[in-house]
Amino acid sequence: MIDIKNPCDCCGCTACASVCPHGAITMFPDTLGFLYPRVDPVSCTDCGLCERVCQFNDHYDKSLNLSRPLAFAARHKDIDEIMKSRSGAVFAAASDFILEHGGVIYGAGFKDHFRVAHKRAVTKSERDEMRGSKYVQSDLTGVFSQVREDLRNGLSVLFSGTPCQTSGLGAFVGPKLREQLYLMDIVCHGVPGPYVWRDYLAYLEKKHHSRICRVCFRDKEAFGWSAQRESFWFENDRANRESPDFLYYHNISFRHSCSSCHFANLQRPSDLTIADYWGWERTAPTLNTDDKGCSLVICNTFKGKELFKAISDKMTVLEAALPDIMQNALRQPPAVYPKRVAFEAFYARYGFERTMKHFHLLGWKYECAKLKGRIFSLLRLNVK
C-alpha cells in the first residue's frame, strides 16, 4: 500500500492510482491544488502494484537510454510554425510526424476555464492547443489508462510532459506497450500550483471587470522569445500583459517534490527531451538572431534518435556539445523557496490576494521591486 508521509516523495503522476486493479486509490488536491494519492483501506488488497510502479526515486528506469545522450540545436524551417510555438517548434514537427502516420498525441491543454490538463489529439487542430508553455502542473486524471488503451489498440502514441510524468507513464504501460510509445519530456524548472493559477485568473478578471477569453504563458509575438511575459485577452477586447513572478520564477508555489526531483540530470526518462536552448549562441550563433525561438533537443534512446532523424528535414539542426547545453535544471533540482511552507499555510487561511500581498508578490511593494529591477537592467545595459 502506497503511503505518502512526506509530500516531497510524490510527484502526482497518477501511476499508482492508474495501476490499482481495485480502484482503491484516489488522487486528492492539497491547498495549492497538487494531487496526492489517498488509499481506501477497505478496497486495498495490499498487492504492492502501486509501490512497484512508482518511479519517483533514484532507481527510475533508464534501461533504454543511450550510453551518452545526443544534443542538438533545432529550429523549424517554417516561421509560421515557430511563431505558433514557444521555442523552435520541435514538438510540432514530432507530433505532425506521429499524426501523419496514424498515431495519437497527448499533451497539456486547457479544460474548463483555462485549467491545465493533459488531453488527447488525433488531428493537428486538436494538437495545436498543446503547443507552448503552460507553467502549471497539469491534471493527468484518467490519462494513463487512456494511453494504454490506445497502445493496446495498435496505435503509436506521442506523450509530452514533465519527466516525472513520462517516467510514471513508461512504468505504467510496461516494456511491451512501451515499444509504440514515444515519450517526450521538457527540461522542467518546477511546477506551480493549479489553484494558484486558478485564483490568479479570478483576480485578473476582477481587476479588469471582464472574463478572460485567451491566455498565453509566453507572448513572443509581442515581446520576443527571450522576454518571457504573459498575456491575457478579455471579453471586453482589452489585452493585458503581466509578469507574475510568483507563478514560476520565485519557486514559491512549486510542488514540494520539485525540490527533490530525481530527473534533474542528463539521464532522462524519455526518448526525447526538449527545451528552450538558452546559450544557443555557443552552438548556432546565426540560428536565432530574430529572437523568435530556438530549441534544445536531447536524444536519450535509440527510438528517440530515430524519431528526431525522421523529422530533421523540417528543421535546421546543428549538433551541440553536452557542456554547452547544461542549464541549471539539468544539473540540480530547484532550490526550496525559504518561505514555501509559510506561504501554503497563509494561503490556506487567507486565500490568493491577501497571501500575495503579504509576501510582496502583489501590490505597491511588488510593483516597486519590478521597477527597481528594470532600472538595474537598463543600467547594466548602458554600462556594457
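First, a word on scope: everything that follows refers to the structure included in this document. Source: prediction; values computed, not measured.

Remarks on the layout of surface pockets
- Approximately 380 Å³ is the volume found for the second largest pocket.
- At the level of elements, helix H3 (79-84), strand S8 (212-216) and helix H9 (220-223) are the ones that each hand at least two residues to the lining of the second largest pocket.
- Among the elements that take part in the lining of the second largest pocket, S8 stands out by supplying 3 residues, more than any other.
- Looking at the lining of the second largest pocket residue by residue, the class counts come to 6 nonpolar, 2 polar and 10 charged.

Here's the deal with the nonpolar core
- Ranked by internal contacts, the top residues of the largest apolar core, which has 34 residues, are Trp197, Ile212, Val215, Phe232, Phe352 and Met356.
- When contributions to this core are tallied by element, the ones reaching two or more residues are strand S4 (104-111), helix H8 (194-208), S8, strand S9 (230-234), helix H11 (340-350) and helix H12 (352-358).
- Looking at this core element by element, the count peaks at 6 residues for H8.
- The residues touching Ile212, leaving out its near neighbours within four places in the chain, are His113, Phe114, Leu201, Leu204, Glu205, Phe232, Trp233 and Phe234.
- Membership of the second largest hydrophobic core comes to 24 residues, among which are Val147, Leu151, Leu177 and Leu181.

Brief notes about unusual backbone geometry
- Positive phi outside glycine occurs at Ala89, with the angle close to 70°.
- For Ala89, the location among the structural elements is in the loop between H3 and helix H4 (90-100).
- For His209, which is not a glycine, the phi torsion comes out positive at approximately 55°.
- Within the fold, His209 resides in the loop between H8 and S8.
- Judged by relative accessible area, which is 72%, His209 ranks as exposed.

What about the pattern of salt bridges?
- Under the criterion given, the structure shown has 20 salt bridges.
- The partner of Lys124 in a salt bridge is Asp96, with the nearest N and O atoms 4.0 Å apart. Placement of Lys124 in helix H5 (residues 124-127) and of Asp96 in helix H4 is noted, with a sequence separation of 28 residues between them.
- What makes Lys124 partly exposed here is its relative accessible area of 37%.
- Overall, the relative accessible area of 6% leaves Asp96 in the buried class.
- Its salt-bridge partner being Asp276, residue Arg218 comes within 2.7 Å of it at the nearest N-O pair. Of this pair, Arg218 sits in the loop between S8 and H9 while Asp276 is found in strand S11 (residues 272-276), placing the two residues 58 residues apart along the sequence. The residues Arg218 and Asp276 share a single accessibility class, namely buried.
- Through salt bridges that share partners, Glu81, Asp96, Glu100, Lys124, Arg127, Asp128, Arg131 and Lys314 make up one connected network.

Quick word on helix H10 (residues 302-311)
- Those residues of H10 that sit buried are Lys303, Gly304, Leu307, Phe308 and Ile311. On an axial view of H10, the arc spanned by its buried residues comes to 135°, and they lie on one face. Opposite the packed face of H10, turned more than 90 degrees from it, sit the exposed residues Phe302 and Lys309.
- Residues of H10 that are buried in the fold lie against strand S3 (65-76), H4, strand S7 (181-186), S11, strand S12 (295-301) and strand S13 (315-320).

Structural notes on the packing of aromatic side chains
- Going through the model one piece at a time under the given rule, you end up with 19 aromatic pairs.
- With 6.2 Å between their ring centres and 55° between their planes, Phe56 and Phe263 make a pair best called tilted. A residue pair is termed long-range when its members are at least 10 positions apart, and Phe56 in the loop between helix H2 (49-53) and S3 and Phe263 in the loop between strand S10 (239-242) and S11 qualify at 207 residues.
- The class for Phe56 is buried, based on a relative accessible area of 10%.

As for the side chain of Ser138
- The topology assignment puts Ser138 in the loop between H5 and helix H6 (143-152).
- Overall, the relative accessible area of 10% leaves Ser138 in the buried class.
- At a separation of 3.1 Å, a polar atom in the side chain of Ser138 contacts the side chain of Gln165.
- Those residues in contact with Ser138 that sit more than four places away from it in its chain are Ala108, Val116, Ala117, His118 and Gln165.

Details of the side chain of Ser87
- Along the polypeptide, Ser87 turns up in the loop between H3 and H4.
- On the basis of relative accessibility, which here comes to 13%, the residue Ser87 falls in the buried class.
- Here the side chain of Ser87 touches Asp276 through a polar contact of 2.4 Å, side chain to side chain.

The rules behind these values
- Residues numbered from 1 in each chain as written.
- Predicted model: local features only at pLDDT ≥ 70, side-chain atom pairs only at ≥ 80, totals over all residues.
- Heavy atoms only, no water.
- 1 Å grid on protein atoms, 1.4 Å probe; cavity = no way out; pocket = protein on both sides within 12 Å on 5 of 7 lines; lining within 4 Å.
- Points joined across faces, edges and corners; volume = space filled by probe spheres on them.
- Helix = DSSP H or I, 4+ residues; strand = E, 2+ residues; numbered from the N terminus.
- Nonpolar A, V, L, I, M, F, W, Y, C, P; charged D, E, K, R; others polar.
- Core = buried A, V, L, I, M, F, W, Y, C linked by side-chain atoms within 4.5 Å.
- Buried < 20%, exposed > 50% of the residue type's maximum accessible area, 1.4 Å probe, protein only.
- Contact = heavy atoms within 4.5 Å.
- Salt bridge = Lys/Arg side-chain N within 4 Å of Asp/Glu carboxyl O.
- Arc of directions from axis to C-beta.
- Phe/Tyr/Trp six-rings, centres within 6.5 Å; stacked < 30°, edge-to-face > 60°.
- Polar contact = N/O pair within 3.5 Å; in protein donor to acceptor, adjacent residues only side chain to side chain.

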